[in-house]
Amino acid sequence: MDSIVEKSLLFDFYGELLTEHQKKVYSEYIQNDLSVTEMAGLLGISRQGAHDMIRRCEKILNGYEKRLELVSHYRKVKQMVREIQQCAIEIKDCEDKDLLHAKAARIARLSGDILEEY
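Fair warning: this is a prediction, and the values are worked out from it, not measured in the lab.

A. Region of interest: the side chain of Glu-65. Within the secondary structure layout, Glu-65 lies in helix α4 (residues 47–68). Summary of buried charges: Glu-65 has no salt-bridge partner, and the nearest side chain of opposite charge, Arg-75, is 7.0 Å away. Within the structure, the side chain of Glu-65 is placed 3.2 Å from the backbone nitrogen of Leu-70, a separation counted as a polar contact.

B. How the structure looks around the state of the cysteines. Taken as a whole and assessed by the stated rule, the structure comprises zero disulfides. For Cys-87, which is in no disulfide, the shortest distance to another cysteine sulfur is to Cys-94 and amounts to 11 Å.

C. Representation of the packing of aromatic side chains in the model. Under the definition given, this model contains five aromatic pairs. Here the aromatic rings of Tyr-26 and Tyr-29 are separated by 5.8 Å at their centres, their planes lie at 50°, and the arrangement is tilted. Placement of both Tyr-26 and Tyr-29 in helix α2 (residues 20–31) is noted, with a separation of three residues, approximately one turn of the helix. Here Tyr-26 and Tyr-29 have matching classes, each one buried. In textbook terms, an aromatic cluster arises when at least three aromatic residues are bridged by ring pairs, as seen for Phe-13, Tyr-14, Tyr-64 and Tyr-74.

Rules and cut-offs
- Residues numbered from 1 in each chain as written.
- Predicted model: local features only at pLDDT ≥ 70, side-chain atom pairs only at ≥ 80, totals over all residues.
- Heavy atoms only, no water.
- Helix = DSSP H or I, 4+ residues; strand = E, 2+ residues; numbered from the N terminus.
- Buried < 20%, exposed > 50% of the residue type's maximum accessible area, 1.4 Å probe, protein only.
- Lys, Arg positive; Asp, Glu negative; His and termini not counted.
- Salt bridge = Lys/Arg side-chain N within 4 Å of Asp/Glu carboxyl O.
- Polar contact = N/O pair within 3.5 Å; in protein donor to acceptor, adjacent residues only side chain to side chain.
- Disulfide = S-S within 2.5 Å.
- Phe/Tyr/Trp six-rings, centres within 6.5 Å; stacked < 30°, edge-to-face > 60°.

Here it is, written out as structure tokens:
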């Protein structure tokens, strides 16, 4: 997970599990898009210290995701809801009864999976 969106999601889901100092440092890095040098100056720590803290936070957050899979589940549910929404859009103006039944069955299956799994 290298993209800023991935890192931001991990921080959104697990950031409260970091120490206050870790949260502050990682929040500045993720939410304010500060460079390591800018963060070091702002927080009064060395550039290496800021870099190490970011890497440590990323390792911690990735460890939580590996064990708990909350971001993974979030993405899975979000994709299922997109599919339900697409089926509903396709049903809206459809007059083909077979297609309507197929889409309704798909919606029922997806929503059932969401309810069962989550």
